[in-house]
Amino acid sequence: TKVEQPSMEKVLEVHALYIEELKRSAPSNELLHPSGGSLRRGHSEVMAEGDIRIHVESSKLLSLATIKRRSVLNLNQMSSPEALTDITLDGLKLLSRGKVRDVYETSDPTALLFVASDRISAYDVVLNNGIPNKGEILTKMSLFWFEKLKDVIPNHLITAEVDEMPADVQVHANVIRGRSMLVKKAKVLPLEAITRGYITGSAWAEYKSKGTMHGIKLPEGLRESQKLPEPVFTPSTKAEAGQHDENIHPDEAKRLVGAAIYERVSSAALELYTRAAEYAKTRGVIIADTKFEFGLIPSQDSNSPFVLEGQPMEVILVDEVLTPDSSRFWPVDGYTEGKSQASFDKQYLRDWLTKVGFVKGLEKGPNGQGWTIDTNVVSETQRRYEEALNRLTDGRN
């Protein structure tokens, strides 16, 4: 068959369709990297069930790229070769810009749009550059856990399908597909619900100094990364952007949110962690610790023990769940107590940042311009996040 020679405008149109198809296929597809060189000339036709075939002719080279259904995340930056750190959605009101997520108002007064960028933070400092595809990885992993743990406590997810979102959101499909969730509007509790199964990080530092963890007395003789006798709920404050979360004793957390809400949050966090950790072990991953967030929404139960301004409320799970951003993931193989562990999370990035000179007081960088991650550290961090996703979800939603 003779290959047509379309205009460059047509080529760019085809390329845009090609990238859009990759993003659309991301949740459950197999993608094989196209062979051949750069896409200079070509045309496409949509085949069966999302397949696209692109014929490319350049310098008498004809290559056939067949894209089949699998996971776009196996392609290391194919759908997003550069990190997406600054997202603008014209027509939607930006309510807040967090360390990772942007939250938008929608035409549905009961719903918000969460968009996960590729920004990354360490020690509560947002770095200058991000990690390609990170927002997609976090979203896919959160969706997996929301479904798997939905019987423990209700969560804020309405849908992650852009085509099911309000019309004012759908117009941004090409930007937010794969990295967004429509969620219930909730009053977020001012508490980080940290749950620990192993002693590491700031908990280990406190234990070495005082023999305690968040002010809780622990047995003598524990070693770094040792498994605790049972999971422990160790809350912290929820700081504003640019500020540091502070570890607090459970009694202080109880005073902060009230006894009834504290009991619901702490018991839910412990059950969520225990269930997730048991499953993760079967996938070759130790969840050393993790952070949950909870919120309140109006309840239909007039006898609810949770009341806000006279309105009965329900406690739900919000934000992200059990991702490499909010958890410490260690490989089961090679785990040895008494030292720091290899990981599939951002501990690698924290270690690098410390090595290049970060200390409290230098949040804005040594020259006041912030901290920029080295290229090799970006690639390795992305690899670790992808490894966590692949191990824990096995490519499933």
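The protein is annotated in an unreviewed UniProt entry as 4540_t:CDS:1 from Acaulospora colombiana.

K.L.:
Tell me about the overall build of the protein, residues and numbers included.
P.N.:
Of regular secondary structure, the protein possesses nine helices and 20 strands. Per-residue burial over the protein gives 49% buried out of 397 residues. Across the protein, every contact between residues at least 6 apart in sequence was considered, and the portion connecting residues at least 24 apart equals 66%. Entry remark: accessible area of the protein is about 19,200 Å², with carbon and sulfur atoms responsible for 49%.

K.L.:
Pulling in residues and values, what's your account of the pairing of strand β5 (residues 101–105)?
P.N.:
With four of five residues buried, β5 lies mostly within the body of the structure. Sheet topology places strand β4 (residues 94–97) next to β5; three bridges connect them, and they run antiparallel. Looking at β5, one finds that Ser96 is bridged to Val103. Taking the residues between adjacent antiparallel strands as the criterion, β4 and β5 are bridged by three residues. The loop that links β5 with its antiparallel partner strand β6 (residues 111–116) comprises five residues.

K.L.:
Let's hear about the packing of helix α2 (residues 134–148) against helix α9 (residues 375–393): which residues, and what values?
P.N.:
At a minimum axis separation of 10 Å, α2 and α9 run at an interaxial angle of 25°. By the angle between their axes, α2 is roughly parallel relative to α9. Like other packed secondary-structure pairs, α2 and α9 cross with a definite hand, here left-handed. Along its contact with α2, which presents Lys134, Ile137, Leu138, Lys140, Met141, Phe144 and Trp145, the element α9 presents Tyr385, Glu386, Ala388, Leu389, Leu392 and Thr393. For the contact of α2 with α9, a count of residues per class yields nine nonpolar, one polar and three charged.

K.L.:
Tell me about the pattern of salt bridges, residues and numbers included.
P.N.:
With the rule as written, the count across this model stands at 23 salt bridges. When the shortest N-O distance is used, the salt bridge between Arg196 and Asp289 registers 3.5 Å. Of this pair, Arg196 sits in strand β12 (residues 191–198) while Asp289 sits in strand β17 (residues 285–298); the two residues are 93 residues apart in sequence, bridging distant segments of the chain. The partner of Glu380 in a salt bridge is Arg384, and the shortest N-O contact between them spans 2.9 Å. Of the two residues, Glu380 and Arg384 both sit in helix α9, four residues apart, roughly one turn of that helix. In this structure Glu380 comes out as buried when scored by relative accessible area, which is 19%.

K.L.:
Pulling in residues and values, what's your account of the nonpolar core?
P.N.:
The tendency in soluble globular proteins is for nonpolar side chains to be buried as a group. Residues Trp145, Phe292, Phe294 and Ile373 are the most contacted members of the largest nonpolar core, which totals 67 residues. Broken down by element, the residue count for this core peaks at eleven residues, all from helix α7 (residues 259–282). With 13 residues, the next largest nonpolar core counts Leu92, Tyr104, Ala111 and Leu113 among its residues.

K.L.:
An account of the pairing of strand β19 (residues 311–318) is requested, with residue identities and associated values reported.
P.N.:
In terms of burial, β19 is largely enclosed, as six of its eight residues are buried. Bridge count for β17 against β19 is six bridges, and the pairing is antiparallel. Within β19, the residue paired with Ile297 across the bridge is Glu314. Sheet topology note: the strand β18 (residues 306–308)/β19 ladder contains three bridges and is antiparallel. Paired with Leu308 across the strands is Gln311, a residue of β19. Connecting β18 to the antiparallel partner β19 that follows it, the hairpin turn spans two residues, and Glu309 within it adopts a positive phi of roughly 50°.

K.L.:
An account of the packing of aromatic side chains is requested, with residue identities and associated values reported.
P.N.:
As enumerated under the stated definition, the model contains eleven aromatic pairs in all. On the basis of an interplanar angle of 70° and a centroid distance of 5.6 Å, the ring pair of Tyr198 and Trp330 is categorised as edge-to-face. Of this pair, Tyr198 sits in strand β12 while Trp330 sits in strand β20 (residues 327–331), and the two are 132 residues apart along the sequence. The class for Tyr198 is buried, based on a relative accessible area of 6%. With a centroid separation of 5.9 Å and 70° between ring planes, the pair formed by Phe358 and Trp371 is classed as edge-to-face.

Definitions and cut-offs
Residues numbered from 1 in each chain as written. Predicted model: local features only at pLDDT ≥ 70, side-chain atom pairs only at ≥ 80, totals over all residues. Heavy atoms only, no water. Helix = DSSP H or I, 4+ residues; strand = E, 2+ residues; numbered from the N terminus. Buried < 20%, exposed > 50% of the residue type's maximum accessible area, 1.4 Å probe, protein only. Contact = heavy atoms within 4.5 Å. Areas by Shrake-Rupley, 256 points an atom, 1.4 Å probe, with all protein chains shown as cover. Pairing = 2+ DSSP bridges. Axes fitted to C-alpha atoms, helices over the stretch in contact; angles between N-to-C directions. Parallel < 35°, antiparallel > 145°, perpendicular 65-115°, else oblique. Left-handed = near helix turned anticlockwise from the far one by under 90°. Nonpolar A, V, L, I, M, F, W, Y, C, P; charged D, E, K, R; others polar. Salt bridge = Lys/Arg side-chain N within 4 Å of Asp/Glu carboxyl O. Core = buried A, V, L, I, M, F, W, Y, C linked by side-chain atoms within 4.5 Å. Phe/Tyr/Trp six-rings, centres within 6.5 Å; stacked < 30°, edge-to-face > 60°.

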